[in-house]
Amino acid sequence: MTQLLQTTENLLELTVQIGFTGISLSLILLMYQIIIGPYNVDRAVALDTIGINLMAVAALLSIFLVTDKLNDIVLLIGILAFLGTVAIAKYLEAGVIIDRD
């Protein structure tokens, strides 16, 4: 039984490390897209995807630290990323975020 538990812990640790590596590579490529991106829409999509990656980092960190305290942080990042996406979309569509009519 202890051998199975040790194997499971090793597999989980390897999976979390692979996840962190993949997210790190994704964040590097997204930063390149934000800086070099030819259109503002590409930059907006990259910013939204960075928010999703930050949610994944918080979730993986929660698994790595064996705690459930970071689950609220994941939800908070999701809400803030959604609001940021809405604000960027409104700015790209109308040129202003808050209409003053």
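Since this is a predicted model, take the numbers as computed values, not measurements. (Residues numbered from 1 in each chain as written. Predicted model: local features only at pLDDT ≥ 70, side-chain atom pairs only at ≥ 80, totals over all residues. Heavy atoms only, no water.)

### Considering the UniProt feature "transmembrane region" (unreviewed entry) in the protein
Here is the rule we go by: UniProt positions are given in the numbering used here, feature names are shortened, and annotations may be inferred rather than shown by experiment. Numbering of helices and strands runs from the N terminus; a helix is a DSSP stretch of H or I covering at least four residues, while a strand is a stretch of E covering at least two.
Here the UniProt-annotated "transmembrane region" (unreviewed entry) positions come out as residues 14-32, 44-67 and 73-92. End C-alpha to end C-alpha, residues 44-67 measures 32 Å, and it is 92% helix and 0% strand. When the span residues 73-92 is considered, its composition is 100% helix and 0% strand, and the gap between its end C-alpha atoms is 28 Å.

### Comments concerning a nonpolar patch on the surface
Put simply, the rule is: Patch rule: a residue counts if its relative accessible area is over 30% and it has no salt bridge; like charges are joined within 9 Å, and nonpolar side chains (Val, Leu, Ile, Met, Phe, Trp, Tyr) within 5 Å. To measure how exposed things are, a 1.4 Å probe is used in the Shrake-Rupley method; for residues, cover is taken only from the protein chains shown. When a carboxyl oxygen of Asp or Glu is within 4 Å of a side-chain nitrogen of Lys or Arg, the pair counts as a salt bridge.
Together, Tyr 39, Val 41, Val 45, Tyr 91, Leu 92, Ile 97 and Ile 98 make up an exposed nonpolar region whose accessible area comes to about 730 Å². Breaking the nonpolar patch down by element, the ones donating at least two residues are helix H2 (40-65) and helix H3 (71-94). Along the chain, Val 45 falls in helix H2.

### Details of the packing of H2 against H3
Just so we agree on the cut-off: Here an angle of 0 to 180 degrees is reported between the N-to-C directions of two axes, which are lines fitted to C-alpha atoms, with helices fitted over the stretch in contact. Angles are sorted into four bins: roughly parallel if under 35 degrees, roughly antiparallel if over 145, roughly perpendicular if 65 to 115, and oblique for all others. Any two residues whose heavy atoms approach within 4.5 Å are treated as being in contact. Lys, Arg, Asp and Glu make up the charged group, whereas Ala, Val, Leu, Ile, Met, Phe, Trp, Tyr, Cys and Pro make up the nonpolar group; the residues left over, Gly among them, are polar.
Packing of H2 against H3 leaves a shortest axis separation of 9 Å and a crossing angle of 175 degrees. Judged by the angle between their axes, H2 and H3 are roughly antiparallel. Across the interface between the two elements, Asn 40, Val 41, Ala 44, Leu 47, Asp 48, Gly 51, Leu 54, Met 55, Ala 58, Ala 59 and Ser 62 from H2 touch Asn 71, Val 74, Ile 77, Gly 78, Ala 81, Thr 85, Ile 88 and Leu 92 from H3. Looking at side-chain class alone, the contact of H2 with H3 contains twelve nonpolar, six polar and one charged residues.

### Focus: the side chain of Asn 53
Mapped onto the elements, Asn 53 comes out in helix H2. Once residues within four sequence positions are removed from consideration, Asn 53 is found in contact with Ile 23, Ser 26, Leu 27 and Leu 30.

### Details of the side chain of Ser 62
Where we set the bar: By the criterion applied in these results, polar contacts are pairs of N or O atoms within 3.5 Å in which, for protein atoms, one can donate a hydrogen and the other can accept it, and in which residues neighboring in sequence qualify only through two side-chain atoms.
In this fold, Ser 62 is placed in helix H2. Engagement of the side chain of Ser 62 in a polar contact is seen with the backbone oxygen of Thr 67, the distance being 2.5 Å. Every residue in contact with Ser 62, bar those within four places of it in the chain, is listed here: Thr 67, Asp 68, Leu 70 and Asn 71.

### Some thoughts on the environment of Val 16
Definition in use: Partly exposed residues are those whose accessible area sits between 20% and 50% of the maximum for their type, while under 20% is buried and over 50% is exposed, using a 1.4 Å probe and protein chains only.
Turning to its location among the elements, Val 16 is positioned in helix H1 (residues 2-36). Overall, Val 16 belongs to the buried group, its relative accessible area being 4%. Taking the C-alpha atoms as reference points, Val 16 and Ile 63, 47 residues apart in sequence, are found 7.8 Å from one another. Those residues in contact with Val 16 that sit more than four places away from it in its chain are Leu 60, Ile 63 and Phe 64.

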